[in-house]
Amino acid sequence: MRLLIMGPPGAGKGTHAGALAALVDGPHISTGDLFRDHVGRRTELGRLAEKYISAGEYVPDAVTDDMVRDRLGRPDAARAFVLDGYPRTGTQVATLDALLDARGAAVDAVVELTVPDDELVARILRRSAVSGRSDDTEDVVRHRLAVYADQTAPLVRAYGERGLLLRVDGTGTMDDVRRRVEGAVAAIAGATA
Ligand code: ADP
């Protein structure tokens, strides 16, 4: 199964994508993690991405799309994966559709984690002490939320129109949310089996 996990910064995408990846038996592919790995290794891509990430802006589509195309081309992602943090723009949606279409495949479902804005900010500021992320400051977090609402939330609605959206309440304990996410995915896995 090929899944996307979407939701604003701080919604818990990374946490639950890991559990989902085990469930679908494919890799958890986080564009944020891939970028941070490049930043840490000071690659050319990392140096380019760093300034966008620190400002809470999206890395340009061409760069992001190339990185994802590369990653999805690896054998472990041939049949199943959980994409976390991609696509975030209309161009990225089109790139992903074309990429999968060329393999005779498509996105099977999109999990959206919903959490109120105030809670998102509180969560990110709490974790900032341990994350050490340059983009986990209050100003940058608020900007990331605004960019998400402007550029990415409409894409989630478009996946809804395609009938692919599984909306999951992302509040409560981590276990509560994990059970909801797994329940939603199991229901469609049963329906498509
Ligand atoms: P969050 O969802 O909390 O913002 P991520 O780790 O998913 O965190 O992403 C961190 C940053 O990496 C983003 O703010 C952005 O700068 C960059 N990034 C990640 N994914 C993408 C993407 N698909 N397109 C453009 N930039 C991205």
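A short tour of the structure in this document, coming up.

Scoring rules and cut-offs
Residues numbered from 1 in each chain as written. Predicted model: local features only at pLDDT ≥ 70, side-chain atom pairs only at ≥ 80, totals over all residues. Heavy atoms only, no water. Salt bridge = Lys/Arg side-chain N within 4 Å of Asp/Glu carboxyl O. Pairing = 2+ DSSP bridges. Helix = DSSP H or I, 4+ residues; strand = E, 2+ residues; numbered from the N terminus. Axes fitted to C-alpha atoms, helices over the stretch in contact; angles between N-to-C directions. Contact = heavy atoms within 4.5 Å. Core = buried A, V, L, I, M, F, W, Y, C linked by side-chain atoms within 4.5 Å. Buried < 20%, exposed > 50% of the residue type's maximum accessible area, 1.4 Å probe, protein only. Near = heavy atom within 4 Å. Polar contact = N/O pair within 3.5 Å; in protein donor to acceptor, adjacent residues only side chain to side chain. Areas by Shrake-Rupley, 256 points an atom, 1.4 Å probe, with all protein chains shown as cover. Nonpolar A, V, L, I, M, F, W, Y, C, P; charged D, E, K, R; others polar. Parallel < 35°, antiparallel > 145°, perpendicular 65-115°, else oblique. Left-handed = near helix turned anticlockwise from the far one by under 90°.

## Some words on the pattern of salt bridges
Two side chains that carry opposite charge are able to pair once their charged atoms sit near each other. Scanning the model with the defined rule gives 17 salt bridges in all. One network of salt bridges, in which partners are shared, links Arg127, Arg133, Asp135, Asp136 and Arg144.

## A word on the sheet that holds strand β2 (residues 28–30)
Sheet architecture is open: five strands sit in the order β2-β3-β1-β4-β5, paired in parallel fashion. In the strand order of this sheet, the two ends are held by β2 and β5 (165–169), each with one partner. Strand-to-strand twist across the sheet, computed as the mean angle between neighbouring axes with direction ignored, equals 20°. As defined by bridge partners, β2 adjoins strand β3 (residues 81–84) across three bridges and the pair is classed as parallel. The residue bridging His28 from the neighbouring strand is Val82, located in β3. Contacting β1 (2–6), β2, β3 and β4 (109–114), helix α1 (residues 13–24) runs over the sheet at an angle of about 170° to β3. Its contacts with the sheet place helix α2 (residues 31–41) against β2 and β3, and it is angled at close to 65° to β2.

## Let's talk about the nonpolar core
With 25 residues, the main nonpolar core has Leu20, Val82 and Val111 as its most contacted residues. Of all elements in the fold, only β1, α1, β4, α6 (117–131), α7 (138–161), β5 and α8 (174–192) reach the threshold of two or more residues within this core. For this core, the leading source of residues is α8, giving five residues. Sequence-distant contacts of Val82, that is, excluding residues within four places in its chain, are made with Leu3, Ile5, Ala17, Leu20, Ala21, Val24, Pro27, His28 and Ile29.

## Some details on the site of the ligand
Around the ligand sit 19 residues in total, of which Lys13, Thr31, Glu57, Arg88 and Arg144 are the nearest. Residue Lys13 places a side-chain N or O atom 2.7 Å away from an oxygen atom belonging to the ligand. Arg133 is positioned such that a nitrogen or oxygen atom in its side chain is 3.2 Å from an oxygen atom of the ligand. Contact with the protein chains removes 96% of the 540 Å² of surface that the ligand exposes when unbound. Ranked by the residues each element gives to the shell around the ligand, the list is headed by α2, at four residues. Here the residues of the shell around the ligand sort into six nonpolar, six polar and seven charged.

## Things to note about the packing of helix α4 (residues 61–72) against helix α5 (residues 90–101)
The angle between the axes and the distance between the axes are what describe a pair of packed helices. One way to put it is that α4 packs onto α5 with a least axis distance of 10 Å and a crossing angle of 25°. Taken together, the axes of α4 and α5 lie roughly parallel to each other. Once α4 is placed against α5, the crossing between them reads as right-handed. For the pair formed by α4 and α5, the contact residues are Asp61, Thr64, Asp65, Arg69 and Leu72 on the first element and Thr91, Gln92, Thr95, Leu96 and Leu99 on the second. Per-class residue counts for the contact of α4 with α5 are three nonpolar, four polar and three charged.

## A closer look at the packing of α2 against helix α3 (residues 44–55)
Relative to each other, α2 and α3 sit at 115°, their axes nearing to 8 Å. Every pair of crossing elements has a handedness; the one defined by α2 and α3 is left-handed. Touching Phe35, His38 and Val39 of α2 are Leu45, Gly46, Ala49, Glu50 and Ile53, all from α3. Considering only residue class, the contact of α2 with α3 consists of five nonpolar, two polar and one charged.

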